[in-house]
Amino acid sequence: MALHEEGCMALAGTEDRLPLIDKVFTTLAGRSDSQYSYLNTLVAEDTDGNVAGAIVSYDGAKLHQLRRAFVEVANELTGSNFIEEEMDLETSDDEIYLDSLAIFPEYRGRKLAKRLIDAACLLHADTGKPFGLLCAPGNDNAYRLYEYLGFREIGLRPFAGIMMHHMIRQ
């Protein structure tokens, strides 16, 4: 959900290959050395223990180290030829990166995104680094939410060939 259909299609190439993208991210979530690792993930649950949403965050200084797993798994499972050194830098060493945020549709409107973002920021507060994220152009609801939560756009940054709004919260 956080990658959206456009991002998934960019990685998959064709619709019939979309299940491979799910497998890539499922594999990466189970690893300890991936930016999408369960170790970098906070989950919101409802009162019955059902997953309602999740956020992935990590220190931007670890991007290259953590992204190696993505390159390895994506190349192996999809037959891609990602080269880490040629990929866009979605974050930088001087920020904590809020990488992915997703709330299942049936749980939206309950302030779970705010609570997950606040929890991720609290988790990393001892670093003293600002919190950064990228927001896709046209994702106006997310952009307004981030502004409401204190994020301010500081420029544009490319990600997967798309210029994204780079936003920071101190």
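Look above for the structure.
The residue count restarts for each chain, going from 1 along the sequence in the order it is written. Only residues with pLDDT of 70 or above have their local features reported here, since the model is predicted, and side-chain atom pairs are shown and tallied only from 80 upward, although totals for entire chains, interfaces and linings are computed over all residues. Calculated side-chain values reflect all of the structure's heavy atoms, with hydrogen atoms and water omitted.

S.K.: Hey, could you run me through the overall build of the protein in this one?
M.R.: Only DSSP runs of H or I with at least four residues qualify as helices, and only runs of E with at least two residues qualify as strands; both kinds are numbered from the N terminus onward. Secondary structure summary: the protein contains 5 helices and 6 strands in total. In the protein, the succession of α and β elements from N to C terminus is α-α-β-β-α-β-α-β-α-β-β. Taken over the C-alpha trace, the protein has a radius of gyration of 16 Å; the compact-globule value for 170 residues is 15 Å, and the two agree within 12%. Across its three principal axes, the protein shows a C-alpha extent of roughly 40 × 40 × 30 Å. Evaluated residue by residue, the protein yields a buried proportion of 39% over its 170 residues. Working rule for contacts: check all heavy atoms of both residues, and any pair within 4.5 Å makes them a contact. Taking the intrachain contacts of the protein between residues at least 6 apart in sequence as the baseline, contacts between residues at least 24 apart amount to 61%. As displayed, the protein has an accessible area near 9600 Å², and 53% of this comes from carbon and sulfur atoms. Positive charge is attributed to Lys and Arg, negative charge to Asp and Glu, and no charge count is given to His or to the chain ends. Here the site of a charge means atom NZ of a Lys, CZ of an Arg, CG of an Asp or CD of a Glu. For the protein, the centre of its 16 positive side-chain charges and the centre of its 27 negative side-chain charges are spaced 6 Å apart. In this treatment the radius of gyration is a C-alpha quantity, and the globule benchmark scales as 2.2 Å times the residue count to the 0.38 power. Relative accessibility decides the category of a residue: with a 1.4 Å probe and only protein chains considered, values under 20% of the type maximum give buried, values over 50% give exposed, and everything between is partly exposed. All accessibility values rest on the Shrake-Rupley procedure with a 1.4 Å probe; residue burial counts only the protein chains present in the view.

S.K.: Explain the pattern of salt bridges here, please?
M.R.: In a structure, side chains of opposite charge can pair up when their charged atoms sit close to one another. Salt-bridge detection follows one rule: a side-chain nitrogen of Lys or Arg within 4 Å of a carboxyl oxygen of Asp or Glu. What the rule picks out here adds up to 8 salt bridges. Of the charged contacts, one joins arginine 157 and glutamate 95 as a salt bridge, the two residues approaching to 3.7 Å between their closest N and O atoms. Linking arginine 157 in strand E5 (residues 152–159) with glutamate 95 in the loop between helix H3 (63–78) and strand E3 (96–103), this pair joins segments that are 62 residues apart in sequence. Overall, the relative accessible area of 16% leaves arginine 157 in the buried class. Within the structure, one salt-bridge network assembled from shared partners comprises Arg31, Asp33 and Glu72.

S.K.: Would you mind going over H3 with me for this structure?
M.R.: One fewer than the residue count of a helix, multiplied by 1.5 Å, yields its expected span. Spanning 16 residues, H3 covers 21 Å between terminal C-alpha atoms, matching the ideal 22 Å at 1.5 Å per step. Note on H3: the residue one or two positions beyond its end, glycine 79, has a positive phi of about 75 degrees.

S.K.: Can you walk me through the pairing of strand E2 (residues 51–59) in this structure?
M.R.: In regular strands, side chains alternate between the two faces of the sheet. Taking burial as the measure, the 9 residues of E2 include 7 buried ones, the bulk of the element. Direction of pairing for strand E1 (residues 41–45) relative to E2: antiparallel, over a ladder of 5 bridges. Following the sheet pairing, valine 43 is matched in E2 by alanine 54. What sits between E1 and E2 in their antiparallel hairpin is a turn of 5 residues, with glycine 49 showing a positive phi close to 85 degrees. Whether two strands pair depends on DSSP finding at least two bridges between them.

S.K.: Just checking my understanding: could you explain the pairing of E3 for this structure?
M.R.: Burial within E3 is extensive, with 7 of its 8 residues counted as buried. Relative to E3, E2 is paired through 7 bridges, and the arrangement is antiparallel. Bridge pairing in E3 places alanine 54 opposite alanine 102. Call a crossover right-handed when, viewed with both strands pointing away from you, the route from the first strand across the helix to the second goes clockwise. Taking the sense of rotation as the criterion, the β-α-β connection linking E3, helix H4 (residues 112–123) and strand E4 (residues 131–135) turns out right-handed.

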